[in-house]
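Here is what each chain is made of, one letter per residue.
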Amino acid sequence: MTTTLLAAEPSSTELVSLFWVALVVWAAPLLSGLTRSLVPGVVLLLVGGMLIGPDGLGVAAESGGVALLAEIGLGLLFLLAGFELEVSSLTGRPGRRALLSWLVGVVLATGVGWLVSGRWETAVAIGLLLTSTAIGTLLPILKGAGHDSTPVGRAVLTHGAVGELGPVLVMALLLGTRDVVSSAVAVGLFVVAALVILAVPARLLTIPALGRAMIRGTTSTSQLAMRTVILLLASMMVVATVFGLDVVLGAFAAGMILRRLVAGFDVRTPRPADGPRRDLSEVLLSQLETVGYTVFIPVFFVVSGMGISVGAVADAPWLLLSAVASMLVLRGGGVWLGEAVLRAHPDLVSPRDRARVGLYAATGLPIIVAVTQVAVDNGLMTAEIASVLVAAGAVTVLAFPVLAEVVRAGDDRRVATRR
């Protein structure tokens, strides 16, 4: 018995790796604050991972517990993205026109991928990563800049929802190890399983005692609500794995299921019972962000940075610049043109506003990390090229939101001059 327990203990190497990862996780927001958030924390997490990783100082490695924390972080990141997705934003006119803009961009980007690789699976992977939107990464930036309720913010959220959900679905269908028909069947079975998972707790929550216990569990030490969320996330990730799909799809679906489950529930906080009411979704979102962004999600980005080959990036600077430029033109330019021609959001009356939406929409990273991981695992691209593409995604997170604010500042100065 003693031997078994000792064998299960983490090695000193894993604990050392965990220490360095935790140090980067702690230092990133501190350094970002020193730059007045000009350098986003997620970029510093990636840079920190590159620094401590095998191609940097070599003091940390992706193994054991660190890899598991990163996997949970990936799941929580996409669960939050699915939870904050407004399905209504995809079904109205803005959503349909945003979808059309994304589809045109994907087709063009896939054509570029075909010219570069000559292989259609690789071309699809390139098309997806060049036209994704890091809505989960953008949300804190938009809120910090005061855009979450402005016409620009609403347009970014619509395009971001399409630019995140679309690649997840296409990745499940076309980038697996099976043919398209088998992948479609697997996705269909996954949807059925997701509906079953949605129906069971939805019926259980109609039991008054269980519903009250769930609501009490948001503020008590039992934390029943959050434990239920973690169980839901684990279940959907396992279901996705069973059907041979990427765990990203399972995590995203878990977020959408969770949003549907908690709709209409409210809690009173703080006590006593006559305190103000808050939607259960608001409470859970706050708790999920606390849990996710404290450890797990930052660890995911640090580990992603550890996988970036500094040498590969240094050897292919033109590939890095070409990827960034392609994201700007194909995704950002496509969104800008779509807003100018299709008028998905008529309240975007200024060309500068449309340019800002395009810059925000071209900001990508989590989907790029996920797509490159799947592509490398399936032999669709080399690890070196994947490193450069992930680095390009980090550049978009660093540069495009800053450029969007520069455009905004120029617009504000012009308005002030007219006055």
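Enquirer: A description of the overall build of the protein should follow, citing residues and the corresponding values.
Expert: Of the regular secondary structure elements, the protein holds 19 helices and 2 strands. For the protein, long-range pairs separated by at least 24 residues make up 76% of all intrachain contacts whose partners lie at least 6 apart in sequence. Of the roughly 19,500 Å² that the protein leaves accessible, carbon and sulfur atoms contribute 68%.

Enquirer: Mind laying out the pattern of salt bridges, listing which residues take part and the relevant values?
Expert: If you walk through the whole model with that rule in mind, you get 2 salt bridges. Across the pair Glu 121 and Arg 119 runs a salt bridge whose closest N-O atoms are separated by 3.5 Å. When the shortest N-O distance is used, the salt bridge between Asp 353 and Arg 356 registers 2.8 Å. Placement of both Asp 353 and Arg 356 in helix α17 (residues 351–361) is noted, with a separation of 3 residues, approximately one turn of the helix. On the accessibility criterion, Asp 353 (15% relative accessible area) is buried. Given a relative accessible area of 6%, Arg 356 falls into the buried group.

Enquirer: Tell me about the environment of Gly 95, and name the residues and values.
Expert: On the secondary structure map, Gly 95 appears in helix α6 (residues 93–117). The sequence separation of Gly 95 and Ala 155 amounts to 60 residues, and the corresponding C-alpha distance is 9.4 Å.

Enquirer: So what about the packing of helix α9 (residues 151–174) against helix α16 (residues 317–341)? Which residues, and what values?
Expert: The N-to-C vectors of α9 and α16 enclose an angle of 125 degrees; their axes lie 12 Å apart at closest approach. Viewed along their axes, α9 and α16 adopt a mutual orientation that is oblique. Between α9 and α16 lies a crossing whose hand is right-handed. Counted together, Ala 155, His 159 and Gly 163 of α9 and Arg 331, Val 335 and Glu 339 of α16 form the full contact between these two elements. The residue inventory of the contact of α9 with α16, partitioned by class, reads 2 nonpolar, 2 polar and 2 charged.

Enquirer: Any details on the confidence of the model for the protein? Residues and values, ideally.
Expert: Mean pLDDT over the protein works out to 79, with 80% of the residues at or above the 70 mark. Of the regions scoring below 50 in pLDDT, residues 1–8 engages in 0 contacts with residues more than four places distant in sequence or in other chains. In this model, residues 268–275 is a region of pLDDT below 50 whose contacts with residues beyond four sequence positions or in other chains number 12 contacts.

Enquirer: Describe a nonpolar patch on the surface, with residues and values.
Expert: Judged by side-chain polarity, Phe 19, Leu 23, Trp 26, Leu 30, Leu 31 and Leu 34 come together as a nonpolar surface patch covering roughly 650 Å² of accessible area. On the secondary structure map, Trp 26 appears in helix α2 (residues 12–34). Among the residues examined, Trp 26 registers a relative accessible area of 57% and is labelled exposed.

Enquirer: How would you explain the packing of aromatic side chains if you had to name every residue and give the values?
Expert: If you walk through the whole model with that rule in mind, you get 2 aromatic pairs. On the numbers, 5.1 Å between centres and 55 degrees between planes, the contact of Phe 300 with Phe 301 is tilted. Assigned by exposure class, Phe 300 and Phe 301 land together as buried.

Enquirer: If you had to explain the nonpolar core to someone new, which residues and values would you point to?
Expert: In terms of nonpolar packing, the biggest core is built from 116 residues, with Phe 78, Leu 175 and Leu 258 touching the most fellow members. In this view, Phe 78 contacts Glu 164, Val 168, Val 248, Ala 251, Phe 252, Pro 366 and Ile 367; residues no more than four positions away in its chain are not counted.

Enquirer: Please give an account of the packing of α9 against helix α13 (residues 247–262) that cites residues and values.
Expert: At their nearest, the axes of α9 and α13 sit 9 Å apart, and the two run at 135 degrees to each other. Here α9 lies oblique to α13, going by the angle between them. The hand of the α9/α13 crossing is left-handed. Residues Glu 164, Leu 165, Val 168, Leu 169, Met 171 and Ala 172 of α9 lie in contact with α13, whose contacting residues are Val 248, Leu 249 and Phe 252. Taken together, the residues that form the contact of α9 with α13 break down as 8 nonpolar, no polar and 1 charged.

Enquirer: Lay out the side chain of Ser 132 with the relevant residues and their values.
Expert: Mapped onto the elements of the fold, Ser 132 is located in the loop between α7 (120–130) and α8 (135–144). Excluding its chain neighbours within four sequence positions, the residues that come into contact with Ser 132 are Gly 163, Pro 167, Arg 331, Ala 361, Thr 363, Gly 364, Ile 367 and Ile 368.

Enquirer: Lay out the side chain of Thr 363 with the relevant residues and their values.
Expert: Tracing the backbone through its elements, the reader meets Thr 363 in the loop between α17 and α18 (366–377). Take Thr 363: its relative accessible area is 1%, and that puts it in the buried class. Of note is the side chain of Thr 363, whose polar atom sits 3.2 Å from the backbone oxygen of Leu 359. Excluding residues within four positions of it along the chain, Thr 363 makes contact with Ser 132, Thr 133, Ala 134, Leu 138, Thr 396, Val 397, Phe 400 and Pro 401.

Enquirer: Explain α13 residue by residue, including any values.
Expert: In an α-helix there are 3.6 residues to a turn, and that puts residues three or four apart on one side. Taking 1.5 Å as the rise per residue, α13 with 16 residues should run 22 Å; its terminal C-alpha atoms sit 23 Å apart, in good agreement. Counting buried positions along α13 yields 13 of 16 residues, so the element is predominantly enclosed.

Enquirer: I'd love a proper account of the environment of Leu 288, names of residues and values included.
Expert: Looking at where Leu 288 falls in the secondary structure, it is placed in helix α14 (residues 280–306). Relative accessible area serves as the criterion here: at 1%, Leu 288 is assigned to the buried category. Placed 209 residues apart in sequence, Leu 288 and Leu 79 show a C-alpha to C-alpha distance of 9.3 Å. Every residue in contact with Leu 288, bar those within four places of it in the chain, is listed here: Leu 76, Leu 79, Leu 80, Met 226, Val 229, Leu 258 and Tyr 293.

Enquirer: How would you sum up the environment of Leu 142? Please name residues and give values.
Expert: By secondary structure assignment, the location of Leu 142 is in helix α8. Looking at Leu 142, the relative accessible area reads 2%, which means it is buried. As for Leu 142 and Val 156, which are separated by 14 residues in sequence, their C-alpha atoms are 9.0 Å apart.

Parameters at a glance
Residues numbered from 1 in each chain as written. Predicted model: local features only at pLDDT ≥ 70, side-chain atom pairs only at ≥ 80, totals over all residues. Heavy atoms only, no water. Helix = DSSP H or I, 4+ residues; strand = E, 2+ residues; numbered from the N terminus. Contact = heavy atoms within 4.5 Å. Areas by Shrake-Rupley, 256 points an atom, 1.4 Å probe, with all protein chains shown as cover. Salt bridge = Lys/Arg side-chain N within 4 Å of Asp/Glu carboxyl O. Buried < 20%, exposed > 50% of the residue type's maximum accessible area, 1.4 Å probe, protein only. Axes fitted to C-alpha atoms, helices over the stretch in contact; angles between N-to-C directions. Parallel < 35°, antiparallel > 145°, perpendicular 65-115°, else oblique. Left-handed = near helix turned anticlockwise from the far one by under 90°. Nonpolar A, V, L, I, M, F, W, Y, C, P; charged D, E, K, R; others polar. pLDDT = per-residue confidence, 0-100. Patch = residues over 30% accessible without salt bridge, like charges linked within 9 Å, V, L, I, M, F, W, Y side chains within 5 Å. Phe/Tyr/Trp six-rings, centres within 6.5 Å; stacked < 30°, edge-to-face > 60°. Core = buried A, V, L, I, M, F, W, Y, C linked by side-chain atoms within 4.5 Å. Polar contact = N/O pair within 3.5 Å; in protein donor to acceptor, adjacent residues only side chain to side chain. Expected span 1.5 Å × (residues − 1).

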